[in-house]
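Coordinate analysis (summary)
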Amino acid sequence: MVEQVNSFAIKTKNVSVHYGNKMAIDDVTINFTKNDVTSLIGPSGCGKSTFLRCLNRMNDVIDSCKVQGEFLLNGVTDIYGDSIQVETLREKIGMVFQKPNPFPKSIFENVAYGPKIHGLASTQSELNDIVMDSLNRAGLYEEVKDRMDDIATGLSGGQQQRLCIARAIAIRPEIILMDEPCSALDPIATARIEELINELKENYTIIIVTHSMSQASRISQRTAFFHLGKLIEHGDTSKIFTKPDKEQTNDYITGRFG
Amino acid sequence: MENTHTDKNFEQKLKQLQDDLIKMSEIVEKQIEIAVNVIKTKDSQDAQLTQNLDEQVDVAERDVRDLSFEIMTLHRPVASDLRLVFTALKVSKELERMGDHSRNLAKRAISISSSFDDELIEQMYSLGRNVQSMVNQVLDSFFKKDELKAKTSWNQDAEIDKEYKSLLKNLIERMHNKETSVVDEGTKPILIAKSLERIGDHATNIAEEVIFNITGHYIDLKKSDFE
């Protein structure tokens, strides 16, 4: 199949990452198709989170971390090049973390903060609309509409995580990175987030690190299996979970690793 | 050697599933062997034995079904484990049908009179032996995960069909010629031959499941694959 250049939200080539002398990612090449959910799976220490954090330069703040290789946004913009500021990059590539991390501010301020600093709203009314729209898309608006001024840390874990997703989408990113977004949540809150991921993929490209194999199989169209810093296999989720090409992938997803 | 599961309980259940299938296969193979012998011996005790074994086959099929259901519910198998459970369910169904055919053909074989044409008996017996060999090959390919053997046994079905058609033609010709010994037996020899031919068909279905279990694909097998 011939892939169109612009069908990929992010293209990467020959990516290697070192922490000091220790190699964390070893020559990984992978492309992420637009409007797909891609799960990155693999045992702890396999490099999946390190790789995810390379995609919006979250590793920049770690002095010992050295990132090599090619990273292209929409097939053209060099993610590590001079043509894009890191702030602009993160406007396009948002992130949701393992532990919900709302600012110790009101629910409204949490979502309004990004659009304000990025100058996305010229009037208060526009800002209100962005906040409302983002909370709606994150499936949280109905639950919080009467207490927008309450402090966000008072919300339940699942609500806080959806607030973080609302905060991420408020700045209209193209891509959302998620690093184990449900690992601190109960099954009902997890199901709500998974449903939300499914809805969000209509408008965003989502790359998610997860330890839950069943979550990867439920929510993603593509799955990438990492082991010891290498990308072992990347393909359609339905294929990976029925007949993976590599023995190592089969062993890992069937629980024969060790 | 295949790596072992980190979940020992799951590992044990997958092993149990394979053991249950091996046990079921052994019963069905024995059933077919006895039924084929009954074509010649007309031994009513042996025919009754195929009936008794059929009850064991039904129990074995339920065991495979229940265990597969339990594994799917509690362990949510994926990849090679999922394919094994899926294949086990389908293979057990095919085996159960083979068992039914064996029981029926043995029952009919004892009711054929001893004056029935020897050449036709030989022809039925030979068909039976070839079917028996095909079943043995295909089950062996399943437990040894041998794709080539599965394909080879699948190919044996064409020979079996040919033999079945030749037998049928022979029977019909003799009926046309009003050969008393053949006409008196009515449709019984035809139904026996049909049961054998159907066992062969179930064996080809198993061969297709074996190939799926190994490769993850159902392939559209054609004779040309072997030419």
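The rules behind each value
Residues numbered from 1 in each chain as written. Chains lettered and ligands numbered in written order. Predicted model: local features only at pLDDT ≥ 70, side-chain atom pairs only at ≥ 80, totals over all residues. Heavy atoms only, no water. Helix = DSSP H or I, 4+ residues; strand = E, 2+ residues; numbered from the N terminus. Rg over C-alpha atoms; globule rule 2.2 N^0.38 Å. Buried < 20%, exposed > 50% of the residue type's maximum accessible area, 1.4 Å probe, protein only. Contact = heavy atoms within 4.5 Å. Lys, Arg positive; Asp, Glu negative; His and termini not counted. Charge placed at Lys NZ, Arg CZ, Asp CG, Glu CD. Pairing = 2+ DSSP bridges. Axes fitted to C-alpha atoms, helices over the stretch in contact; angles between N-to-C directions. Buried area = accessible area lost by both parts, 1.4 Å probe. Salt bridge = Lys/Arg side-chain N within 4 Å of Asp/Glu carboxyl O. Polar contact = N/O pair within 3.5 Å; in protein donor to acceptor, adjacent residues only side chain to side chain. Nonpolar A, V, L, I, M, F, W, Y, C, P; charged D, E, K, R; others polar. Disulfide = S-S within 2.5 Å. Parallel < 35°, antiparallel > 145°, perpendicular 65-115°, else oblique. Left-handed = near helix turned anticlockwise from the far one by under 90°. Phe/Tyr/Trp six-rings, centres within 6.5 Å; stacked < 30°, edge-to-face > 60°. Lys NZ or Arg CZ within 6 Å of the ring centre and 35° of its normal. pLDDT = per-residue confidence, 0-100.

This next bit is on the overall build of chain A. Regarding its fold elements, chain A presents 10 helices and 10 strands. For 258 residues, the compact-globule formula gives about 18 Å, and the C-alpha radius of gyration of chain A, at 18 Å, lands near that figure. In chain A, which comprises 258 residues, the proportion classed as buried is 52%. Here the analysis covers contacts within chain A between residues at least 6 apart in sequence; of these, 67% occur between residues at least 24 apart. Measuring between centres, the 28 positive side-chain charges of chain A sit 3 Å from its 33 negative side-chain charges.

This part covers the overall build of chain B. From N to C terminus, chain B includes 7 helices and 0 strands. Listing the helices and strands of chain B from first to last along the sequence gives α-α-α-α-α-α-α. If you line up chain B on its principal axes, its C-alpha atoms span 70 × 40 × 25 Å. Within chain B, the proportion of its 227 residues that are buried is 46%.

A separate point is the sheet that holds strand β6 (residues 93–96) of chain A. Residues and elements named next belong to chain A. Reading across the sheet, the 6 strands line up as β6-β7-β8-β3-β9-β10 and stay open at both edges, with mixed pairing between neighbours. Both edges of this open sheet fall to β6 and β10 (230–236), since each of them pairs with a single strand only. When strand polarity is set aside, the average angle formed by the axes of neighbouring strands in this sheet is 15 degrees. Relative to the sheet, helix α6 (residues 157–170) contacts β6 and β7 (175–179), its axis offset from that of β6 by approximately 170 degrees. Lying over the sheet, helix α7 (residues 187–200) contacts β3 (37–41), β7 and β8 (205–209), oriented at roughly 145 degrees with respect to β8.

Taken together, the contacts link 12 residues of chain A with 17 residues of chain B. If you sort the residues of chain A by the area they bury against chain B, A:Lys243, A:Thr254 and A:Arg256 come out on top, with a joint share of 50%. Counting across the interface, chain A meets chain B through 1 salt bridge. Salt-bridge contacts for B:Asp81 lead to A:Arg256; the nearest nitrogen and oxygen are separated by 2.8 Å. The interface formed by chain A and chain B holds 7 residue pairs in polar contact (both at pLDDT 80 or more) in total. When the residues that make up the side of chain A that touches chain B are grouped by side-chain class, the tally is 5 nonpolar, 4 polar and 3 charged.

Right, let's get into the side chain of A:Thr190. Tracing the sequence through the fold places A:Thr190 in helix α7. Apart from the residues within four sequence positions on either side, A:Thr190 is in contact with A:Cys182, A:Leu185 and A:Gln215.

Think of a disulfide as a covalent bridge from one cysteine sulfur atom to another cysteine sulfur atom. Residue and element names in this part refer to chain A. For the structure on display, the rule yields 0 disulfides over all chains. Counting only cysteine sulfurs, Cys 164 is the nearest neighbor of Cys 182, a cysteine outside any disulfide, at a range of 12 Å. On the accessibility criterion, Cys 182 (8% relative accessible area) is buried.

For the rest of this paragraph, the subject is the packing of helix α1 (residues 8–41) of chain B against helix α2 (residues 44–75) of chain B. Packed helices, taken two at a time, are described by the angle their axes make and the gap between the axes. Residues and elements named next belong to chain B. Between α1 and α2, whose axes approach to 9 Å, the crossing angle comes to 160 degrees. Put simply, α1 runs roughly antiparallel to α2. Considering how the two elements wind past one another, α1 and α2 form a crossing that is left-handed. Partitioning the contact of α1 with α2 into residue classes produces 19 nonpolar, 7 polar and 8 charged.

Residue and element names in this part refer to chain B. Summarising the element assignment, Leu 196 is placed in helix α7 (residues 188–215). You can call Leu 196 buried: its relative accessible area is 0%. The spatial distance from the C-alpha of Leu 196 to the C-alpha of Arg 129 is 9.5 Å, given a sequence separation of 67 residues. Aside from chain neighbours lying at most four places away, what touches Leu 196 is Val 36, Ile 39, Leu 105, Met 124, Leu 127, Gly 128 and Val 131.

Take the packing of aromatic side chains next. Counting across every chain of the model gives 8 aromatic pairs over all chains. Between A:Phe103 and A:Tyr113, the ring centres sit 5.2 Å apart and the planes meet at 70 degrees, which makes this aromatic pair edge-to-face. Of the two residues, A:Phe103 is situated in the loop between β6 and α3 (107–117) and A:Tyr113 in helix α3; the sequence distance between them amounts to 10 residues. Among the residues examined, A:Phe103 registers a relative accessible area of 28% and is labelled partly exposed. A relative accessible area of 39% places A:Tyr113 in the partly exposed class. Between B:Phe212 and B:Tyr218, the ring centres sit 4.5 Å apart and the planes meet at 5 degrees, which makes this aromatic pair stacked. Residue classification places B:Phe212 among the buried positions, given a relative accessible area of 12%. An aromatic cluster is built from A:Phe32, A:Phe51 and A:Phe226, whose rings are joined through pairwise contacts. For A:Arg167, the ring lying beneath its charged end belongs to A:Phe103, and the centroid distance is 4.3 Å.

What follows is about α3(A). Residues and elements named next belong to chain A. All buried positions along α3 are accounted for by Ile 107, Phe 108, Asn 110, Val 111, Ala 112, Gly 114 and Pro 115. As for α3, its buried residues are in contact with α4 (124–137), α5 (141–144) and α6. A positive backbone phi angle near 65 degrees is found at Gly 119, which sits one or two residues after α3.

Below, the discussion takes up the confidence of the model for chain B. Residue and element names in this part refer to chain B. With 96% of its residues at a pLDDT of 70 or more, chain B shows a mean pLDDT of 93. Highest mean pLDDT in chain B belongs to helix α3 (residues 79–110) (97); lowest belongs to helix α6 (residues 180–185) (82). As a predicted assembly, this complex carries a pTM of 0.84 together with an ipTM value of 0.76.

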